[in-house]
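Architecture at a glance
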Amino acid sequence: MNPKTILSILFLFASIGINFAQQNEECKTKLSISHVYTKANNYDSAYESWLFVKNECPKLSIAIYTDGEKILNHKIKKSEGIEKKEFIEDMLILWKKRSEYFGNKTPNGKYAAKACQLMYDNKEILEKTNEELYACFDATYKIDKKTFTHPKSLYTYFSLMVDLFDAGKKPEKELFNKHDDIVEKIEDEVKNYSSNLNELIIKEEEGALLTKTEKGHKRQYESYLLNYDLISKNIDSKVFIRTNCKNLIPLYTRDFDAHQNDSIWLKRAVNRMYYKKCTEDELYEKLVKAYDRVAPSAETKLYIVRILIKKGKISEIGKYLSEAYDLETVPFEKADLAHKIGLILKGEGKYSQARKYFRNSIKLNPSNGKPHLAIAVMYANSANDCGDTIFNKRAVYWLAAKEARKASRDPTLKKEAAQFVARYEAQAPSKEDIFKCACSGKVIKIGCWIRASVIVPKI
């Protein structure tokens, strides 16, 4: 190679390097401009600079994709027709490119589910069928179930299954299995968010102030728990109206021999038979016994307890309830179990024992207000039995209101707890009653199983 050729090649590489450096600097400048506009929510002004960077320097920064999502969301909301369709398609491409260039910051389950949801929300303009959309969610869920957590997407995923079932394109068995799978996923997420929220509640109860960041996290955890509670109820209602004993009993009878040693199948069959009140059929007891044989657990013991109650063998339930509680070792699960045991004992009028389990549940999971409400109801139900005078009987409602008020820290129970508090306070002694008895500020001891004291409000 002669010297002139070598010089030409060197000059070419130098030119490329200079051009690349110039382009890179231009990208950085335009990204900075678009980022300032994006932070100010001026998405239309940000668009052109952002578009240049996205096209010319797609690997430059994750900000291209975080800002781009906000910009395109704005464009999608403002546009219609073909233009809107183009912006939606741009968003889908943006998420793919983000995954390609910043995969470690792009959880597949989260972003692929976002893409499926965007297509579902705009299925008419994109001309997507329910089959295509369900396949999108299903593939995402199977690839990365761990980060597929958004309540809306989980609900959409199951709703599409229901739509396909109603259209005769999915069998009952697949509908039931998908319902159980999604419900178990939601339960896992509720457990995670409750655990995080409990840490902050305990910190507050100990008198410490939450930081600004912690307050934000608390609001986020409460929001997610509210949404999971909402979609869980809606999912249950969707499958509830589509199942009954007439289709469950033949289905589980037919499949029993093949699945009699499958703990997951047995668990789901027993759960559904119980909640659909198919417990009168002999198949139910058969399923329960098989479930307890294959995978004895706190849950199987509870099902045996319910069978004993139905048969009137109340004196035998204590042993199984104790076994159930001892078998569970996971704190969150133990809290849920203690609540269930409390409800069983409350239903049988064993209030003192029930309160013990409810308090255990509260200790293990303080963000759950349901045990507080249960205790409040038991107090209110016992007002006539546990007070020795008319005034003292009505004073029990102060205890009930106090307990119900504690339930309000549960984000899913704020409204219901407030209603209970108002009801019980209305039933408690009035200011006139307090004046007549001249007992303002005095301590009243409540007897029988309650064994508690209440201070009469000062007037």
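We now turn to the structure provided with this report. Owing to the predicted nature of the structure, the values given are computational and were not obtained by experimental measurement.

Okay, the overall build of the protein chain next. For the protein chain, the count of helices and strands is 22 helices and two strands. Here the protein chain has a C-alpha radius of gyration of 30 Å; the compact-globule value for 459 residues is 23 Å, and the former is much larger. Its C-alpha atoms put the protein chain at 110 × 65 × 45 Å along the principal axes. Counting only residues that meet the buried cut, the protein chain has 44% of its 459 residues in that class. Considering only intrachain contacts with a sequence separation of at least 6, the fraction spanning at least 24 residues in the protein chain is 61%. Charge centroids of the protein chain, computed over 78 positive and 62 negative side chains, lie 5 Å from each other.

Take empty space enclosed by the protein next. Think of a ball as big as a water molecule: rolled over the atoms, this probe shows where empty space is left. In the structure shown here, the tally under the stated rule is one cavity of 30 Å³ or more. Of the voids in this model, the largest cavity is the one considered here, and its volume is about 80 Å³. Along the walls of the largest cavity sit Lys 173, Phe 176, Asn 177, Asp 180, Leu 251, Tyr 252, Asp 255, Trp 265, Arg 268, Ala 269 and Arg 272, which together make up its complete lining. The set of elements that each furnish at least two residues to the lining of the largest cavity consists of helix H9 (172-205), helix H11 (245-259) and helix H12 (263-275). Its residues assigned to classes, the lining of the largest cavity shows five nonpolar, one polar and five charged.

As paired strands, strand E1 (residues 443-446) and strand E2 (residues 452-455) are joined by four bridges and run antiparallel to one another. What sits directly across from Val 443, in E2, is Ile 455. Hairpin connection from E1 to E2: five residues lie between these consecutive antiparallel strands, with Cys 448 at a positive phi of about 45°.

Let's shift gears to the packing of helix H8 (residues 151-166) against helix H10 (residues 212-240). Contact geometry for H8 and H10: axes closest at 9 Å, N-to-C directions at 5°. The orientation of H8 relative to H10 falls into the category roughly parallel. From H8, Pro 151, Leu 154, Tyr 155, Phe 158, Ser 159 and Val 162 reach across to H10, where they touch Tyr 224, Asn 227, Tyr 228, Ile 231, Asn 234, Ile 235, Lys 238 and Val 239. In the contact of H8 with H10, the residues fall into 10 nonpolar, three polar and one charged.

The next subject is the layout of surface pockets. Of the voids in this model, the second largest pocket is the one considered here, and its volume is about 380 Å³. Residue lining of the second largest pocket: 19 residues in total, with Lys 110, Ala 113, Lys 114, His 150 and Ser 153 positioned closest to the centre. Sorting the residues of the lining of the second largest pocket by element identifies helix H3 (63-78), helix H4 (81-101), helix H5 (108-121) and H8 as the ones contributing at least two each. The biggest single contributor to the lining of the second largest pocket is H5, with seven residues. Classifying every residue of the lining of the second largest pocket gives seven nonpolar, seven polar and five charged.

Turning to the environment of Cys 437, a few remarks are in order. Assignment of secondary structure puts Cys 437 in helix H22 (residues 431-437). Residue Cys 437 is classed as partly exposed on the basis of its relative accessible area, which comes to 31%. Counting along the chain gives 91 residues from Cys 437 to Lys 346, while the straight-line C-alpha distance between them is 34 Å.

With that out of the way, let us pick up the state of the cysteines. Applying the stated criterion to the full structure yields five disulfides. Residue pairing for Cys 27: its cysteine sulfur links by disulfide to Cys 57, the two sulfurs lying 1.9 Å apart. Between Cys 27 and Cys 57, the disulfide has an S-S torsion of 70° and is therefore right-handed. Separated by 30 residues along the polypeptide, Cys 27 in helix H1 (residues 3-39) and Cys 57 in the loop between helix H2 (43-56) and H3 bring together distant segments of the chain. Like Cys 27, the residue Cys 57 is buried in the burial classification. A sulfur-sulfur separation of 2.0 Å characterises the disulfide bridge that pairs Cys 116 with Cys 136. Classification of the bridge connecting Cys 116 and Cys 136 rests on its S-S torsion, roughly -85°, and on that basis the disulfide is left-handed. Of the two residues, Cys 116 sits in helix H5 while Cys 136 sits in helix H7 (residues 130-143), which places them 20 residues apart along the sequence. Just as Cys 116 is buried, Cys 136 falls in that class too.

The rules behind the values
- Residues numbered from 1 in each chain as written.
- Predicted model: local features only at pLDDT ≥ 70, side-chain atom pairs only at ≥ 80, totals over all residues.
- Heavy atoms only, no water.
- Helix = DSSP H or I, 4+ residues; strand = E, 2+ residues; numbered from the N terminus.
- Rg over C-alpha atoms; globule rule 2.2 N^0.38 Å.
- Buried < 20%, exposed > 50% of the residue type's maximum accessible area, 1.4 Å probe, protein only.
- Contact = heavy atoms within 4.5 Å.
- Lys, Arg positive; Asp, Glu negative; His and termini not counted.
- Charge placed at Lys NZ, Arg CZ, Asp CG, Glu CD.
- 1 Å grid on protein atoms, 1.4 Å probe; cavity = no way out; pocket = protein on both sides within 12 Å on 5 of 7 lines; lining within 4 Å.
- Points joined across faces, edges and corners; volume = space filled by probe spheres on them.
- Nonpolar A, V, L, I, M, F, W, Y, C, P; charged D, E, K, R; others polar.
- Pairing = 2+ DSSP bridges.
- Axes fitted to C-alpha atoms, helices over the stretch in contact; angles between N-to-C directions.
- Parallel < 35°, antiparallel > 145°, perpendicular 65-115°, else oblique.
- Disulfide = S-S within 2.5 Å.

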